[in-house]
Number of protein chains: 2
Amino acid sequence: METIVTIGRQYGSGGRQVGKRLAAALGVPFYDKALIEEAAKKSGIDPRHFERGDETAANSFLFAVSMGLYGGAQLPAPMEYSVSDRIFFAQADVIRNAAENGPCVIVGRCADYILRERSDLLSVFLYAGKEDRVQRAVQEYGVAPERAEEQVQKMDKRRGSYYAYYTGRRWQDIANYGLSLDTGIFGVDGAARLLERAVLEREARG
Amino acid sequence: METIVTIGRQYGSGGRQVGKRLAAALGVPFYDKALIEEAAKKSGIDPRHFERGDETAANSFLFAVSMGLYGGAQLPAPMEYSVSDRIFFAQADVIRNAAENGPCVIVGRCADYILRERSDLLSVFLYAGKEDRVQRAVQEYGVAPERAEEQVQKMDKRRGSYYAYYTGRRWQDIANYGLSLDTGIFGVDGAARLLERAVLEREARG
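Residues numbered from 1 in each chain as written. Chains lettered and ligands numbered in written order. Predicted model: local features only at pLDDT ≥ 70, side-chain atom pairs only at ≥ 80, totals over all residues. Heavy atoms only, no water.

In an α-helix, one turn spans 3.6 residues, which is why side chains three or four residues apart end up on the same side. The terminal C-alpha atoms of helix H5 (residues 83-100) of chain B lie 26 Å apart, and with 18 residues this matches the ideal 26 Å at 1.5 Å per residue to within 8%. Gly 102 of chain B sits one or two positions beyond H5 of chain B and adopts a positive phi of about 125°. (Helix = DSSP H or I, 4+ residues; strand = E, 2+ residues; numbered from the N terminus. Expected span 1.5 Å × (residues − 1).)

Moving on to the environment of Cys 104 of chain B. Residues and elements named next belong to chain B. Within the secondary structure, Cys 104 is located in strand S3 (residues 104-107). Through-space distance from the C-alpha of Cys 104 to that of Glu 2 is 9.3 Å; in sequence the pair is 102 residues apart. Once residues lying within four places of it in the same chain are set aside, the contact partners of Cys 104 are Thr 3, Ile 4, Val 5, Val 28, Pro 29, Tyr 31, Ala 98 and Ala 99. (Contact = heavy atoms within 4.5 Å.)

Residues and elements named next belong to chain A. Two numbers describe how helix H1 (residues 15-26) lies on helix H9 (residues 183-205): the axes approach to 9 Å, and their chain directions differ by 35°. Here the hand of the crossing between H1 and H9 comes out right-handed. Residues Gln 17, Val 18, Arg 21, Leu 22, Ala 25 and Leu 26 of H1 form the contact with H9, whose participating residues are Thr 183, Val 188, Asp 189, Ala 191, Ala 192, Leu 195, Glu 196 and Val 199. When its residues are assigned to classes, the contact of H1 with H9 shows nine nonpolar, two polar and three charged. (Axes fitted to C-alpha atoms, helices over the stretch in contact; angles between N-to-C directions. Left-handed = near helix turned anticlockwise from the far one by under 90°. Nonpolar A, V, L, I, M, F, W, Y, C, P; charged D, E, K, R; others polar.)

Turning our attention to the nonpolar core. Grouped together as the largest cluster of nonpolar side chains are 48 residues, with contacts concentrated most on Ile 106 and Leu 115 of chain A together with Ile 106 and Leu 115 of chain B. Setting aside residues no more than four positions away along its own chain, Leu 115 of chain B makes contact with Ile 4, Thr 6, Ile 95, Arg 96, Ala 99, Ile 106 and Leu 121 of chain B. The next biggest cluster of nonpolar side chains, apart from the first, holds 43 residues, and it includes Val 18 and Phe 186 of chain A together with Ala 23 and Val 107 of chain B. (Core = buried A, V, L, I, M, F, W, Y, C linked by side-chain atoms within 4.5 Å. Buried < 20%, exposed > 50% of the residue type's maximum accessible area, 1.4 Å probe, protein only.)

Quick look at the sheet that holds strand S5 (residues 179-182) of chain B now. One open sheet accounts for 10 strands, arranged S2(A)-S3(A)-S1(A)-S4(A)-S5(A)-S5(B)-S4(B)-S1(B)-S3(B)-S2(B); its pairing is mixed. The two strands at the open ends of the sheet, each matched to only one other strand, are strand S2 (30-31) of chain A together with strand S2 (30-31) of chain B. As judged from the six bridges shared by strand S1 (residues 4-9) of chain A and strand S4 (residues 121-127) of chain A, these two strands associate in the parallel manner. Among the inter-strand pairings, Gly 8 of chain A is bridged to a residue of S4 of chain A, identified as Phe 125 of chain A. Against the sheet, H1 of chain A makes contact with S1, S2, strand S3 (104-107) and S4 of chain A, and its axis sits at roughly 170° relative to S3 of chain A, the strand it touches most. Of the strands in this sheet, strand S1 (4-9), S2, S3 and strand S4 (121-127) of chain B touch helix H1 (residues 15-26) of chain B, which is tilted by about 175° from S3 of chain B. (Pairing = 2+ DSSP bridges.)

The next subject is the pairing of S4 of chain A. All names here are of chain A. Within S4, seven of the seven residues are buried, which leaves the element mostly enclosed by the surrounding structure. Direction of pairing for S4 relative to strand S5 (residues 179-182): parallel, over a ladder of four bridges. When the sheet's bridge partners are listed, Leu 126 is paired in S5 with Leu 181.

Attention now goes to the interface of chain B and chain A. Chain B puts 25 residues into the contact, and the matching count from chain A is 25 residues. For the pairing of chain B and chain A, the buried interface totals around 2,200 Å² over both sides, and the portion due to carbon and sulfur atoms is 60%. Counting the contacts that link chain B with chain A gives two salt bridges. Residues Glu 201 of chain B and Arg 193 of chain A are paired through a salt bridge, measuring 2.7 Å at the closest nitrogen-oxygen approach. One can count 11 residue pairs in polar contact (both at pLDDT 80 or more) joining chain B with chain A. Ranked by residue count, the leading element in the side of chain B that touches chain A is helix H9 (residues 183-205) of chain B, at 13 residues. Of the residues in the side of chain B that touches chain A, the class split is 11 nonpolar, seven polar and seven charged. Relative to S5 of chain B, S5 of chain A runs antiparallel, the two sharing three bridges. Paired with Ser 180 of chain A across the strands is Ser 180 of chain B, a residue of S5 of chain B. (Buried area = accessible area lost by both parts, 1.4 Å probe. Salt bridge = Lys/Arg side-chain N within 4 Å of Asp/Glu carboxyl O. Polar contact = N/O pair within 3.5 Å; in protein donor to acceptor, adjacent residues only side chain to side chain.)

Here is the structure:
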């Protein structure tokens, strides 16, 4: 059975790079921020709203679309949804469509939660010690050294809140994931190879 | 650099079996309950106290030994220690000695915490869904089916409390571990192979 890999990751853990290498090694599509653009394009919302997190723009088209998309859950009345929520619903739809199209690697965006009912899911969480993450923020993301620690904390807080808000789960809860690892121990390449092996072991069990 | 692997595990996750296979694959010693016996033998405490968790027997020899062993932490006055605490100190000593003797696999007993300062440590946590664990309890540990779910809950509660008491950390906190995985996804053999690969990847980084 083929595998959909979702990767949640702490800021600065190199999770996006790991995911990209894993997708290349497995020969499957890789999705991350491109998701946002695809969702925007599909929904017809001005892409600038995605960047700004604009809460004022209402888009009944996206809302109408999204109503059918978010797992058929009982949703309250339309007016209660912010643009952020609608963007989330649209993204969830993109994620579900991607998974329907076959094996792939999806980084972030609560994909583990959105796809939680799938039996072909391998949900992964990547993290690292604070020093490793601060170093990566400076060296690879170009964050100013004096701001890097603050940036790491801020981004994790943001990701944790986003995850909690849309899933009702704790972001760093071991139970959300089939496998979690510290990229500081294995490096980006080592982590990608380990995950590739994990996919093979999972598929060997059928 | 060679690797000391510690394995924390939920009851019924098959963690002990995984550890045993991993140790065999790596060709290194495997430690689990044998630790208790070795600690008992070394300390001179009647091994029956280990089984019963007898709180009344005091053993000043073990206490004297353990004082020097538990990481040089500031310890309160001798009389405040229960036999359980003294057993823990003696076990911590056994674990430290095992690690000093070279690469090995150690299951349980807060070994990840006891060895946390070692740079050659790979700390692993193994878990599984409740259904998988109940099934293993019945099929492999011989627990009566009608009692299995209760047993799984009771044992996890016990392990979590033990861990929290002796380490001040949360047992299932992702941050305590370099790698965590769900044995329900990979199986015992698959998990052992993945961990073997993790050891090799870690050592390749040096």
